[in-house]
Amino acid sequence: MKSFKSAAWILPQPVLIIGTYDKDGKPNAMNAAWGGQWDMNEILISLGSHQTTDNLVNNPEFTVAFATAETMVVADYVGIVSGRNTSDKMEKAGLSVEKAPNVNAPVFKEFPMTLECRVKQKIDESETGYYLVAEIVNILCDEKYLAEDGKPNVEMMELITYDPVHHTYIQLGKTVGKAFSVGSKLK
């Protein structure tokens, strides 16, 4: 095996789109790759200093959407362009915005699934950012992405993951097994 120095190479990394409102109610979106499930009803996201972190000071509620192959270009755009420097960022992104039903944050209708969240804790907060622990208040899913059982069909969403090794996006593939079941073959 070839050895590599320590790097942020946990795979796969979700491509998360964080939606917030600024103090005047203007929506903003940013792309965050370093995030995941923290607890049963909580997520953790590593955030640097961004317009999003400025917005969370005034309003601790936000949304998290999952980027797809179809939304990859706009998802990348909101990650490389700062709301601090580009006042028309959201207009250029062309996202359809509506207010989330359970939190004071925007929902971007182009994304198939969105978590409505509320800040619970900021860990190691400094001028360069912090780790954000948030409560998942509710989950929204576009009905065209529901399976026959009425739950979200993740495979149908064509979610993408960030490849930190080569700085690319990879589309997630097909279902290959049933969790908590396929291992039973070895019992």
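Residues numbered from 1 in each chain as written. Predicted model: local features only at pLDDT ≥ 70, side-chain atom pairs only at ≥ 80, totals over all residues. Heavy atoms only, no water.

A. Inspection of the sheet that holds strand β10 (residues 129–141) at higher detail. What the 7 strands build is an open sheet, ordered β3-β2-β6-β9-β10-β5-β4; its pairing is antiparallel. Where the open sheet ends on each side, the last strands, each with one partner, are β3 (27–32) and β4 (35–39). Neighbour-to-neighbour, the strand axes of the sheet open up by a mean angle of 35 degrees, direction not taken into account. Lying on the sheet, helix α1 (residues 51–58) is in contact with β2 (16–21), β3, β5 (42–48), β6 (61–66), β9 (113–126) and β10; it crosses β2 at an angle near 45 degrees. On the sheet, helix α2 (residues 72–80) packs against β2 and β3 and is oriented at approximately 95 degrees with respect to β3. (Pairing = 2+ DSSP bridges. Helix = DSSP H or I, 4+ residues; strand = E, 2+ residues; numbered from the N terminus. Axes fitted to C-alpha atoms, helices over the stretch in contact; angles between N-to-C directions. Contact = heavy atoms within 4.5 Å.)

B. Highlighting the layout of surface pockets. Counted as a void, the largest pocket has a volume near 610 Å³. The wall of the largest pocket is formed by 27 residues, among which Gln37, Phe66, Met113, Val154 and Leu159 lie closest to the centre. At the level of secondary structure, the elements contributing two or more residues to the lining of the largest pocket comprise β1 (13–14), β4, β6, β9, β10, α4 (154–157) and β11 (160–163). The biggest single contributor to the lining of the largest pocket is β4, with 3 residues. Counted by class, the lining of the largest pocket contains 20 nonpolar, 5 polar and 2 charged residues. (1 Å grid on protein atoms, 1.4 Å probe; cavity = no way out; pocket = protein on both sides within 12 Å on 5 of 7 lines; lining within 4 Å. Points joined across faces, edges and corners; volume = space filled by probe spheres on them. Nonpolar A, V, L, I, M, F, W, Y, C, P; charged D, E, K, R; others polar.)

C. Representation of the pairing of β10 in the model. Where β5 meets β10, 7 bridges bridge the pair, whose relative direction is antiparallel. If you follow Gly48 over to β10, its bridge partner there is Gly129. Pairing analysis gives 11 bridges linking β9 to β10, with the strands arranged antiparallel. Within β10, the position partnered with Thr114 by the bridge is Leu140. Taken together, β9 and the strand that follows it, β10, pair antiparallel across an intervening segment of 2 residues.

D. Quick look at the pattern of salt bridges. Tallying each qualifying case throughout the model produces 7 salt bridges. In this structure, the salt-bridge partner of Glu135 is Arg118, at a minimum N-O distance of 3.8 Å. Placement of Glu135 in strand β10 and of Arg118 in strand β9 is noted, with a sequence separation of 17 residues between them. Several salt bridges share partner residues, and in doing so they unite Glu61, Arg118 and Glu135 into one network. (Salt bridge = Lys/Arg side-chain N within 4 Å of Asp/Glu carboxyl O.)

E. Structural detail: the nonpolar core. One finds Ile18, Ile43, Ile45, Leu47, Phe62 and Val64 to be the most contacted residues of the largest nonpolar core, which totals 22 residues. For this core, the secondary-structure elements that each account for two or more residues are β2, β3, β5, β6, β9 and β10. Beyond its immediate sequence surroundings of up to four residues, Ile43 is in contact with Gly36, Gln37, Trp38, Phe62, Val64, Leu115, Cys117, Leu132, Val133, Ala134 and Ile136. Listed in part, the 18 residues of the second largest apolar core include Val15, Ala75, Tyr77 and Phe108. (Core = buried A, V, L, I, M, F, W, Y, C linked by side-chain atoms within 4.5 Å. Buried < 20%, exposed > 50% of the residue type's maximum accessible area, 1.4 Å probe, protein only.)

Read these as geometric descriptors, not functional statements.
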